Amino acid sequence: MPAFSASAPGKSILFGEHAVVYGKPAIAVPVRQVQAKVIVTPKPKSQPGNIHIQAPAIGLDTDLLDLAPNHPLAVAIDLVLSHLKLSYAPGCNLRITSTIPLAAGMGSGAAVSVALIRAFSAYLGKPFPPEQVSALAYEVEKLYHGTPSGIDNTVVTYTKPIYFQRGQPIEILHLPASLTLVIGDTGIISPTAKAVGDVRQAWLADPGYYEGLFDEIGAIVQQARSALESGQLEKCGTLMDSNHALLCELDVSSPELNRLVETARKAGALGAKLSGGGRGGNMIALATAGEAVQISDQLLEVGAHRTIITQIGAQS
Ligand code: MEV
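The following refers to the structure shown.

1. Observations concerning a nonpolar patch on the surface
- Taken together, Ile58, Leu102 and Ile189 make up a surface patch of nonpolar side chains, about 300 Å² in accessible area.
- Mapped onto the fold, Leu102 is located in the loop between β5 (92-98) and α2 (108-123).
- According to the relative accessible area criterion, Leu102 is partly exposed, its value standing at 45%.

What follows is the structure, given as structure tokens:
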């Protein structure tokens, strides 16, 4: 029997994180330079139901049976089996590798779930269509985030720039001009669940004020959509700056993120903002193609852990 493999990219949120959890729209893009990959290798001589999992990046080398039932990998496997009305799978080895930084706002959890659900359903002879892959990955996301909007599993499943609003059909964005993004990693681990939970507490304490901020972010996302679709990159940059200011008001930025954002702007970025859950993790800068390397160099100089330069084009 052959091996079955699937991969899924990282992601970056261009506009609208956090407010998207409260029903506002957001825009996200895939980042193909980083990937999660899952390979399912049949073990024909092993007991049915014997699934061995290796995930070297998180030091995991275990039988599924020894994994806590609420572990996200165990949940993803169970969801696939129960969807196919199977109580167990033929014995196999499942190897998970990923180059997506963990807890850094780049969708590593969603990408692992999507790659696993794709490879495992293919191994079982019923490769799931994208809507089903994304829906099951969303169930797993709830374990990571508590109250995820669903944007991460959607963008890494469809691997296209998307305009996303909870409960609405997803819209693929067609960009007339390619975007050059410089992604700067603070190197600070920041679980999305914590930042999302803190925003929720703040919102519960003062709903009127926070809903006002969410509305302002939602309005920026609408303007950003038209700017992106008409190739007005300078306008996009200005809107990124405004979105970052509102994320600071939501208290999800940090001195390290602000330093990288400021540095990118001084180095010639059209705009810059934190991206994802915030507090640590990554920021993004919109660059002209000629200035991307200079921006990346400056970010590294002021302490970025790593940078990625990525192009998002009409075909992305
Ligand atoms: C995480 O990538 C984006 C957040 O808006 C959370 C979510 O949408 O689930 C912070």
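Text resumes after the structure shown.
2. Regarding the pattern of salt bridges
- By the definition in use, this model includes 10 salt bridges.
- Salt-bridge contacts for Glu139 lead to Lys142; the nearest nitrogen and oxygen are separated by 3.4 Å. Taken together, the residues Glu139 and Lys142, both in helix α3 (residues 130-145) and 3 residues apart, mark about one turn of the helix.
- Of the residues examined, Glu139 reaches a relative accessible area of 34% and is grouped as partly exposed.
- Judged by relative accessible area, which is 36%, Lys142 ranks as partly exposed.
- We note a salt bridge from Glu229 to Arg225, for which the minimum N-O separation is 3.4 Å. In this pair, Glu229 and Arg225 are both assigned in helix α6 (residues 207-229), 4 residues apart and thus about one turn of the helix distant.
- Among the residues examined, Arg225 registers a relative accessible area of 18% and is labelled buried.

3. Some points on the layout of surface pockets
- Estimates place the volume of the second largest pocket at around 210 Å³.
- Lining the second largest pocket we find 15 residues, and of these Ser134, Asn153, Thr154, Phe164 and Ile170 sit closest to its centre.
- Mapped by element, the contributors of at least two residues to the lining of the second largest pocket are α3 and α4 (151-158).
- The leading source of residues in the lining of the second largest pocket is α3, at 4 residues.
- Taken together, the residues of the lining of the second largest pocket break down into 5 nonpolar, 8 polar and 2 charged.

Conventions adopted
Residues numbered from 1 in each chain as written. Predicted model: local features only at pLDDT ≥ 70, side-chain atom pairs only at ≥ 80, totals over all residues. Heavy atoms only, no water. Patch = residues over 30% accessible without salt bridge, like charges linked within 9 Å, V, L, I, M, F, W, Y side chains within 5 Å. Areas by Shrake-Rupley, 256 points an atom, 1.4 Å probe, with all protein chains shown as cover. Salt bridge = Lys/Arg side-chain N within 4 Å of Asp/Glu carboxyl O. Helix = DSSP H or I, 4+ residues; strand = E, 2+ residues; numbered from the N terminus. Buried < 20%, exposed > 50% of the residue type's maximum accessible area, 1.4 Å probe, protein only. 1 Å grid on protein atoms, 1.4 Å probe; cavity = no way out; pocket = protein on both sides within 12 Å on 5 of 7 lines; lining within 4 Å. Points joined across faces, edges and corners; volume = space filled by probe spheres on them. Nonpolar A, V, L, I, M, F, W, Y, C, P; charged D, E, K, R; others polar.

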